[in-house]
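Next come the chains, spelled out residue by residue.
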Amino acid sequence: MSTGSAMNPRIVSNGFSRIRYEVITYFRQGDSVFFTFLFPVVMLTIFSVAFSEETFGRDAAGVTVTAAAYYLPGMLAAGVLLSGLQNMSIDIAMEKSDGTLKRLAGTPLSPISFFIGKIGQVLVTGLAQATLLILVARLAFGVDLPTEPTSWLTFAWVFLLGVTTCAILGIGLSGLPRSGKSATAVIIPIVLVLQFISGVYLVFANLPDWLQNVASLFPLKWLAQGMRSVFLPSTFESVEVGGEWNLAGVAIATGIWLVIGLIVARLTFRWIRKDS
Amino acid sequence: MNTTNREPVVEVVDLRKTYRGGFEALKGIDFSIARGETFALLGPNGAGKSTTIEILEGYRDRTGGDARVLGVDPQHGDLGWKNRVGIVLQSSGEQANATVREQLTHFARLYTNPRSVDEVITAVGLDDKAGTRIKKLSGGQRRRVDVALGIIGNPELLFLDEPTTGFDPEARRQFWDLTRSLKREGTTILLTTHYLDEAAQLGDRAGIIAGGRVVALAAIDELGGAEARVPIVRWVAQGIPHEQRTDRPGELVARLSASGEPEKLEVIRPALEDIYLTLVDAERAAQGVLA
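Residues numbered from 1 in each chain as written. Chains lettered and ligands numbered in written order. Predicted model: local features only at pLDDT ≥ 70, side-chain atom pairs only at ≥ 80, totals over all residues.

A. Region of the structure containing the pairing of strand S1 (residues 10–18) of chain B. All names here are of chain B. Here 7 bridges tie S1 to strand S2 (residues 24–33), and the two strands are oriented antiparallel to one another. Bridge assignment links Glu11 to a residue of S2, and that residue is Ser32. Here S1 hands over to S2 after 5 residues, with Gly22 in that stretch at a positive phi of 105°. Inspection of the sheet shows S1 paired to strand S4 (residues 64–69) by 5 bridges, in the antiparallel sense. The residue bridging Val10 from the neighbouring strand is Val69, located in S4. (Pairing = 2+ DSSP bridges. Helix = DSSP H or I, 4+ residues; strand = E, 2+ residues; numbered from the N terminus.)

B. Representation of unusual backbone geometry. Residues and elements named next belong to chain B. The phi torsion at Leu70 lies on the positive side, around 50°, for a residue other than glycine. Given 22 C-beta atoms within a 10 Å radius, Leu70 is considered buried. Located in the positive-phi region is Gln238, a residue other than glycine, with phi close to 50°. Looking at the secondary structure, you find Gln238 in the loop between strand S10 (232–237) and strand S11 (240–245). The class for Gln238 is exposed, based on 6 C-beta atoms found within 10 Å. (Buried ≥ 20, exposed ≤ 12 C-beta atoms within 10 Å, placed from the backbone.)

C. Representation of the sheet that holds strand S12 (residues 263–268) of chain B in the model. All names here are of chain B. Pairing in this open sheet of 3 strands is antiparallel, and the strands run S11-S10-S12 from one edge to the other. Since the sheet does not close on itself, it has two edges, and those belong to S11 and S12, each with one partner. Strand after strand, the sheet turns through a mean of 15° between neighbouring axes, direction not considered. Relative to S12, S10 runs antiparallel, the two sharing 4 bridges. Paired with Val236 across the strands is Glu263, a residue of S12. (Axes fitted to C-alpha atoms, helices over the stretch in contact; angles between N-to-C directions.)

D. Broad picture of the nonpolar core. Membership of the largest hydrophobic core comes to 72 residues, with the highest contact counts inside it found for Leu104, Val120, Ala148, Leu190 and Ile208 of chain B. Setting aside residues no more than four positions away along its own chain, Leu190 of chain B makes contact with Val10, Ile33, Phe39, Leu41, Ile53, Leu56 and Phe159 of chain B. With 60 residues, the next largest nonpolar core counts Ala67, Leu76, Val143 and Ile187 of chain A among its residues. (Core = buried A, V, L, I, M, F, W, Y, C linked by C-beta atoms within 7 Å. Contact = placed C-beta atoms within 7 Å.)

E. Region of interest: the packing of helix H4 (residues 67–98) of chain A against helix H8 (residues 180–197) of chain A. All names here are of chain A. H8 packs onto H4 with a crossing angle of 165° between their chain directions and a minimal axis gap of 9 Å. As the angle between them shows, H4 and H8 are arranged roughly antiparallel. Along this stretch, H4 crosses H8, giving a crossing that reads as right-handed. Contact with H4, carried on its side by Ala78, Leu81, Leu82, Leu85, Gln86, Ser89, Ile90, Ala93, Met94, Lys96, Ser97 and Asp98, involves Gly180, Ala183, Thr184, Ile187, Ile188, Val191, Leu194 and Gln195 of H8 and no other residues of that element. Residues that form the contact of H4 with H8 fall into these classes: 12 nonpolar, 6 polar and 2 charged. (Parallel < 35°, antiparallel > 145°, perpendicular 65-115°, else oblique. Left-handed = near helix turned anticlockwise from the far one by under 90°. Nonpolar A, V, L, I, M, F, W, Y, C, P; charged D, E, K, R; others polar.)

Right, dumping it as C-alpha cells:
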C-alpha cells in the first residue's frame, strides 16, 4: 500500500517528538527522578562524606585520592545502568500493563519512532545525570577532573556505548516482570546486586577472584572499569585485573551485550500480548 | 486509497476466534458496516463483543473467517491504515504525566491530517482542564481524554468500545452530540455499549452478539423483527396472571373491561431493552439445551 511508504519520513520526526514527550514526562515522575536520576548523586555524597577521613591511594605525584574522587567513576557507571537498564525496563513494563503501549499500537506511530524516543530520553537524562555527578564531585568535593582530551574521548565512547547497551538491555528485560506492579520488585534487585559485585560500592580489586569472574560476565563491571580509566590516576591501573585498564575488553564485552540486547529486544518486544 | 465509497468500511465474514485454552469466543460472525454508518454492537459480557472489536482494531488475530477494515486485513494493518482509524479502547489505567493539551498535541503530530487540538478539547468539554495533568483528572474526565485521543487523527472509521462508562448523564448527552456531529462529517462508527438507550440514540443499525454468534442484525427500530414489537397486554383474572400479544391492544382491553375492571391491567410496547433481553435469553436457553 502506497500510504505505508508515505509515512516513512515521519518515523524520524515522530521519534524526535517522542524524545521531547518522554523527557518532559520523565522529569514529572517523582519516584523515577529520585531512584534512577538522583540516586547515584545521593550515594556519591554519602560515600564522600562517610569516608572523608580515609585515603584510597595516591597518584604519581604522591597526592592522596579522596573518597569522592575514588567513587565518582563507579557512580557514573551506576548512573548509566540506572538511567538505561532500570529506567527503561520498569518504564516499558509499566506502560505495557497500564495500556499506554496498547494505545500507541493503535496510532500511526512506528515502533522505531517509539524506540528513538526511549533511547533519546535515556541519552538526554543520562547525560544530565553524568553532568550533575561530575559537577557535584568537582564543586562540592573538589575532585580534580582529567585535563587531557583523550580521557574525555574515552569517557564519551564508554558513556555512549554503555548508555545505549543498557537502554537496549532494558527493553529486553521489560518482558521479564509479569505486571507493571511487580516491575520494580523484579528489576531493582538485579540492578542492586550488579552494583555490589561490579566495583560501584565496593573496591573491585578487593573482591575474591571468583566474584570478579562472575561480575566480568556482566556489562557494569566493564563500564565501571572504563570510567576508572578516565577519572583515576594511572597509579591505579596496576590493581586492575591483568594490571591494565583493558579498554579493548570494555569495548568488546559491552559490544557483545549490545548485540545480545538487540536480539532479545527484537525477538521479545511486542506492543501488546496478542492473546493474553 | 484503495477503497471506493460503495465498498463497506467494515466487512466480517464467518469470523471465528478460539482462544489458546480452547474457548470458542466467536463461532462464525457476519456483518458489514457501510460508509458513514453508525453500527452498534450489543451483547452481554463475555458474548464476544470485545473480541470482535479487537480483531477489527488489529489487536487480536482471528482463527477463522475473513475480516476487512477499510479494505485491509486488520491483522496486517500498516501505519497508513492506522492513520485512517481512530480507536477508543475500554477504559485503561493510564497515568499520563502530560497535560490534556500536551497529550493531544503530541498525538496529533502522529497523524497526517489531524483535527485542531483546541477544537477537540472543546468538543469533549475539557476546556477548563486543558492544562491539567491527565493523572490528576477524575475517571469520567480521563474517559473524555480517551475519546479525544480517538478522534484527534480525524479518522474515517472510529471504534468506540464502551465509550461512556463512568460518564454522568450530562456528560453522556454531550458525548452523544459529539458522536452525532462526527457522523454528520461522514465518520463511520463502530460502537459497543451496555446502554441500550445509547445504541438507540446513536445507532443506524445494530447487531446483537450472544454466545459467540450474531442473534439479531437489523436497523435499530427493526431489531428482533416486527413480532418482537407487538404490544403485550397483561392482566390478572381470578388470581391467575395472563399475557397476550396483540396488534390491537385497545380492542382487547375493551373486551376485557366489558365484564368489569380487569386487575393489574397494563399495555406494554417492547422497547429496545425488552427486545434485547428476549433475544439474549432465548440464546442462553438454547445454549443451556445444548449443554
